[in-house]
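# Examining the three-dimensional arrangement
Spelled out, the chains give:
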Amino acid sequence: NRAFYAPGPGRDFIQMPHEGAFSGGSDSTGAADFAGTLLHEISHWTGSPSRLNRQFGVWGTDDYAREEIRVELASAMVSAQLGVPTTIENHAAYIGSWVKRLKEDKFEIFRAARDAGKIADFLTGRLVLDTVAEPTVDAVTSPTLPLQPTAAPAVKALLAIKPKRPSSRTKA
């Protein structure tokens, strides 16, 4: 009952708990937490050698920390670009937990931002690779954001999530 991306030959899949498993916090909804987690895992998915070819590491290593920073930044970027509800404080706290491991390299955050931009561009169709085509899936189209065919169904589901609206009640 956990979310993860499984890389490697014969794997290359995203495991997600059902949306109902995400209860949300005081500043978000379960749907927003589900969306943020799914975007995080989809961002890992882009690191496959057949896509953007990033280095994954074993948990706790610098390579792992670098990947986590990149995908969390990308998740926040794609959320903002598509209007998917998210809590920036959650993104910032998660990134902060990994940045501590990389303090000795003051330029790493800039490389991470560049790579996160590539991830976001790939997921939203702004970056199209010259690679062997993957099996096609019915593409989702948008007048402003064409999507990668293989990422399209998940991103379409994210677009359907409605933001948490503040209460219309006023205190008397």
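Look a little higher up for the structure.
Residue numbers run consecutively from 1 along every chain, following the written order of its sequence. Local features in a predicted model are, by the rule used here, given only for residues with pLDDT of at least 70; side-chain atom pairs are given and counted only at 80 or more, and totals for whole chains, interfaces and linings are based on all residues. Hydrogens and water molecules were not included; the side-chain quantities draw on all heavy atoms of the structure.

## Quick look at the layout of surface pockets
Both cavities and pockets are sets of points on a 1 Å grid over the protein atoms alone; in a cavity a 1.4 Å probe fits but cannot get out, in a pocket the set is open with protein on both sides within 12 Å along at least five of seven lines, and lining residues sit with an atom within 4 Å of a point. Grid points are joined across faces, edges and corners, and a volume is the space filled by probe spheres set on the points. Of the pockets and cavities examined, the largest pocket occupies roughly 330 Å³. The wall of the largest pocket is formed by 16 residues, among which F4, Y5, H44, Y64 and E68 lie closest to the centre. Where the lining of the largest pocket is concerned, the elements lending two or more residues are β1 (4-6), α1 (30-45) and α2 (62-82). Throughout this entry, Asp, Glu, Lys and Arg are counted as charged residues, while Ala, Val, Leu, Ile, Met, Phe, Trp, Tyr, Cys and Pro are counted as nonpolar. The remaining residues, Gly among them, count as polar. A breakdown of the residues in the lining of the largest pocket according to their chemical character gives eight nonpolar, three polar and five charged. Only DSSP runs of H or I with at least four residues qualify as helices, and only runs of E with at least two residues qualify as strands; both kinds are numbered from the N terminus onward.

## Looking at the side chain of R54
Structurally, the position occupied by R54 is in the loop between α1 and α2. For this analysis, a polar contact is any N or O atom pair within 3.5 Å, provided that within protein one partner can donate a hydrogen and the other can accept it, and provided that sequence-adjacent residues contribute only side-chain to side-chain pairs. Side-chain polar atoms of R54 contact the backbone oxygen of S43, separated by 2.8 Å. Throughout, a residue-residue contact means that at least one pair of heavy atoms, one from each residue, lies within 4.5 Å. Among residues more than four places away in sequence, those in contact with R54 are S43, H44, T46, G47, E67, R70, V71 and I119.

## Thoughts on the nonpolar core
In this text, buried Ala, Val, Leu, Ile, Met, Phe, Trp, Tyr and Cys residues form a nonpolar core when linked through side-chain atoms within 4.5 Å. Buried residues are those whose accessible area, probed at 1.4 Å on protein chains only, stays under 20% of the maximum for their type, while exposed residues exceed 50% and partly exposed ones sit between those limits. Residues W45, I69, L73, V78, I119 and L123 are the most contacted members of the largest nonpolar core, which totals 27 residues. Broken down by secondary-structure element, the contributors of at least two residues to this core are α1, α2, α3 (88-99) and α4 (108-124). Counting residues per element, this core draws most heavily on α2, which supplies seven residues. The contacts of I69, once residues within four sequence positions are left out, are I95, W98, V99, L102, I109 and A112.

## Concerning α1
By this rule the span expected of a helix is its residue count minus one, scaled by 1.5 Å. Between its first and last C-alpha, α1 extends 22 Å over 16 residues, near the 22 Å set by a 1.5 Å rise per residue. Of all the 16 residues making up α1, 14 are buried; the element is thus mostly covered by neighbouring parts of the structure.

## Some thoughts on unusual backbone geometry
In this structure, D12 takes a positive phi of about 50 degrees despite not being glycine. Residue placement: D12 occurs in the loop between β1 and β2 (13-15). For D12, a relative accessible area of 28% gives the class partly exposed. Positioned with a positive phi, N53 is a non-glycine residue whose angle comes to about 55 degrees. Along the chain, N53 falls in the loop between α1 and α2.

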